[in-house]
Amino acid sequence: MAVAALLQSLYDTPLAAWIRESELAFPCIESVHVAAITLVVGSIAVVDLRLLGLASRERRFSRLSADVLPLTWGAFAVAAASGFLLFASNAPRYAENTYFRAKLLLLALAGLNMLVFNLGSRRGLAAWDDGGRVPRAARLAGALSLAIWIAVVAAGRWIGFTMLAGY
Amino acid sequence: MLEQPIAVASRWLVATSLSRVLQDVDWLVPAIQTLHIVAVAVLFSSSLLLTIGVLGRHARELPLARTAARFLPGLYWGLPVLLVSGALMITAEPERALPNPAFQLKMLLVLLASAATIVLARRVRLLPDEHRAGAAARIAALLALALWLAALVAGRFIAYTLIR
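On a predicted model such as this, the values are computed, not experimentally measured, just so you know.

About the criteria used
Residues numbered from 1 in each chain as written. Chains lettered and ligands numbered in written order. Predicted model: local features only at pLDDT ≥ 70, side-chain atom pairs only at ≥ 80, totals over all residues. Helix = DSSP H or I, 4+ residues; strand = E, 2+ residues; numbered from the N terminus. Buried ≥ 20, exposed ≤ 12 C-beta atoms within 10 Å, placed from the backbone. Contact = placed C-beta atoms within 7 Å. Nonpolar A, V, L, I, M, F, W, Y, C, P; charged D, E, K, R; others polar. Axes fitted to C-alpha atoms, helices over the stretch in contact; angles between N-to-C directions. Parallel < 35°, antiparallel > 145°, perpendicular 65-115°, else oblique. Left-handed = near helix turned anticlockwise from the far one by under 90°. pLDDT = per-residue confidence, 0-100. Core = buried A, V, L, I, M, F, W, Y, C linked by C-beta atoms within 7 Å. Expected span 1.5 Å × (residues − 1).

With that out of the way, let us pick up the overall build of chain A. The number of helices and strands found in chain A is seven helices and zero strands. Across chain A, helices and strands are ordered from the amino to the carboxyl terminus as α-α-α-α-α-α-α. In terms of overall dimensions, chain A has C-alpha extents of about 55 × 30 × 25 Å along its principal axes. By the burial criterion, 38% of the 167 residues in chain A qualify as buried. The long-range share in chain A, meaning contacts at least 24 apart out of those at least 6 apart in sequence, stands at 77%.

What follows is the structure in structure tokens.
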């Protein structure tokens, strides 16, 4: 099957072999991955808590997101790149790991939630940007985002336990 | 020098009923680790956003003291959650942590990061209505951020520095 061949050729690349065989490469890349994920989760939580009306209420939503979201995206790029390297080191096994698949699904859900929020609730932003009551759909988007990102962390931790690499 | 007491403490801890429960229920340790990482997310992101604020690049429309009031609680609440979840992870597998040089280094880094954070908090509270932070506050903020990052990395290396 084409996917299996693709995963195997990723596994066979010199870079993947180096990450697999070096003593330090995997834990170093993993440290970068964890640091980046904590920044994604922590920074997106600042925006989510503002949507839920639990924090940063004194700040305009638009200003808060302009301050925080570039950081979230930067950290996400680092998390995705380092995650890809960890995946490449053992691609065929990760691809069949249930928690790895769950993590990818959760990331897709987080993206979908963001898309729906940007296309929907954010349109009426002028009405609630300056501390007004956040509409229910936007509050729901904040709650979903918090829950999904915590689940992403959990799935990542369970990958470590089931792959038995660096648990 | 400390090897003997550490070994004694590990043997005692691993035989406690709490440790038995943590060893026997196989989802407990990953669940506690998940909580631990979420608390790291709160603490580390709070430290970063506070540092950006001290450097004058976050919430410019507000006095710095308000940014500090927003993000210092993330450090104050994150740390106790980390200490409790960390203590539970040690209880589950004392020999994985206590004699481990990565763990010992991590504890030292956490102490230093906490000290830098306390210095930063005092500096920032000293200027209630000022927008700008002095050099001492900037250095304390950057130092605390770097030390929290180093503690995070040392924590990840605990898994790779197993003794025996």
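Turning our eyes to something else, we now look at the overall build of chain B. Tallying secondary structure elements over chain B gives seven helices and zero strands in all. In chain B, the succession of helices and strands from N to C terminus is α-α-α-α-α-α-α. With the principal axes as the frame, chain B shows a C-alpha extent of 55 × 35 × 25 Å. Intrachain contacts of chain B at a sequence separation of at least 6 include 79% that bridge at least 24 residues.

Between chain A and chain B, the residue contacts involve 24 residues of the former and 24 residues of the latter. Elements supplying a minimum of two residues to the side of chain A that touches chain B: α3 (25–51), α4 (61–89) and α7 (136–163) of chain A. If one sorts the elements of the side of chain A that touches chain B by residue count, α3 of chain A sits on top with eleven residues. Looking at the side of chain A that touches chain B, its residues break down into 13 nonpolar, six polar and five charged.

All names here are of chain B. Running from N to C, helix α2 (residues 17–24) and helix α4 (residues 64–92) cross one another at 85°; their axes reach a closest spacing of 8 Å. As summarised for this structure, α2 and α4 are arranged roughly perpendicular, according to the angle between their axes. Contacts between α2 and α4 involve L18, S19, L22 and Q23 from the former and L88, T91 and A92 from the latter. Looking at the contact of α2 with α4 residue by residue, the class counts come to four nonpolar, three polar and no charged.

Right, let's get into the packing of helix α3 (residues 28–54) of chain B against α4 of chain B. All names here are of chain B. Relative to each other, α3 and α4 sit at 155°, their axes nearing to 8 Å. Here α4 runs roughly antiparallel to α3, going by the angle between their axes. Our pair here, α3 against α4, has a crossing hand that is left-handed.

Here the focus is the confidence of the model for chain B. Close inspection of predicted coordinates is inappropriate for parts of the model with low pLDDT. All names here are of chain B. For chain B, per-residue confidence averages 91 on the pLDDT scale, and 94% of positions sit at 70 or higher. By mean pLDDT, helix α1 (residues 3–14) is the weakest element of chain B at 90, and α3 is the strongest at 96. The ipTM value of the predicted complex is 0.93, and its pTM value is 0.94.

Right, let's talk about the confidence of the model for chain A for a bit. For chain A, the average pLDDT comes to 93, and 97% of its residues sit at 70 or higher. When pLDDT is averaged over each element of chain A, α3 of chain A comes out on top at 97 and helix α1 (residues 2–11) of chain A at the bottom at 94.

Our next topic: unusual backbone geometry. With phi around 55°, S56 of chain A is a residue other than glycine that occupies positive phi space. A positive phi is found at A59 of chain B, a non-glycine position, where the angle reads about 50°. When you line up the elements, A59 of chain B lands in the loop between α3 and α4.

This brings us to the nonpolar core. Core analysis: the biggest nonpolar cluster contains 83 residues, and V41 of chain A together with A144 and W148 of chain B have the highest contact counts within it. Among the elements that line this core, the one with the most residues is α3 of chain A, at 14 residues. With sequence-adjacent residues up to four places away left out, W148 of chain B is seen in contact with L43, F44, S47 and A113 of chain B.

Here the focus is helix α6 (residues 101–125) of chain B. All names here are of chain B. With 25 residues, α6 extends 36 Å from end C-alpha to end C-alpha; this agrees with the ideal 36 Å at 1.5 Å per step. Restricting attention to buried positions, one finds in α6 the residues K106, L109, V110, A113, A116, T117, L120, R123 and V124. Buried-residue contacts for α6 involve α3, α4 and α7 (135–157).

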